[in-house]
Amino acid sequence: MKILSIIFYAIGSILLIISCFTMSVTATWWLGGIAVACLIAGCVFQFNSNKNRRYIHHRNYN
């Protein structure tokens, strides 16, 4: 999950930068929307990877 979050963060950042330099308004909106979706997916994957690690470290072995 951690690698997926890094990949989606990178893709989202690149698409967001590319969308700033497009001339077409439609292309800017599409690239921006896809970039935001990729950044949100990166956040979700990062949250899930941290959540799984938290449960592993806090087990009670009584």
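Okay, so let's go over this structure. Not measured: the values here are computed from a predicted model.

Criteria and thresholds
Residues numbered from 1 in each chain as written. Predicted model: local features only at pLDDT ≥ 70, side-chain atom pairs only at ≥ 80, totals over all residues. Heavy atoms only, no water. Helix = DSSP H or I, 4+ residues; strand = E, 2+ residues; numbered from the N terminus. Buried < 20%, exposed > 50% of the residue type's maximum accessible area, 1.4 Å probe, protein only. Contact = heavy atoms within 4.5 Å. Areas by Shrake-Rupley, 256 points an atom, 1.4 Å probe, with all protein chains shown as cover. Patch = residues over 30% accessible without salt bridge, like charges linked within 9 Å, V, L, I, M, F, W, Y side chains within 5 Å. Salt bridge = Lys/Arg side-chain N within 4 Å of Asp/Glu carboxyl O. Phe/Tyr/Trp six-rings, centres within 6.5 Å; stacked < 30°, edge-to-face > 60°.

## Some words on the overall build of the protein
- Assigned secondary structure in the protein consists of 2 helices and 0 strands.
- Taking all 62 residues of the protein together, the buried fraction comes to 15%.
- Considering only residue pairs separated by 6 or more positions, the protein has 65% of its internal contacts joining residues 24 or more positions apart.
- For the protein, the exposed area adds up to about 5,000 Å²; of that, 73% sits on carbon and sulfur atoms.

## Looking at a nonpolar patch on the surface
- Taken together, the side chains of Met-1, Ile-3, Leu-4, Ile-7 and Ile-11 define a hydrophobic patch exposed on the protein surface, amounting to about 460 Å² of accessible area.
- Relative to the helices and strands, Ile-11 is located in helix 1 (residues 2-20).
- Overall, the relative accessible area of 38% leaves Ile-11 in the partly exposed class.

## Overview of the packing of aromatic side chains
- In this structure the tally under the stated criterion is 1 aromatic pair.
- Plain terms: the ring middles of Phe-8 and Phe-45 are 5.4 Å apart, the flat faces sit at 45 degrees to each other, and that makes the pair tilted. Of this pair, Phe-8 sits in helix 1 while Phe-45 sits in helix 2 (residues 25-57); the two residues are 37 residues apart in sequence, bridging distant segments of the chain.

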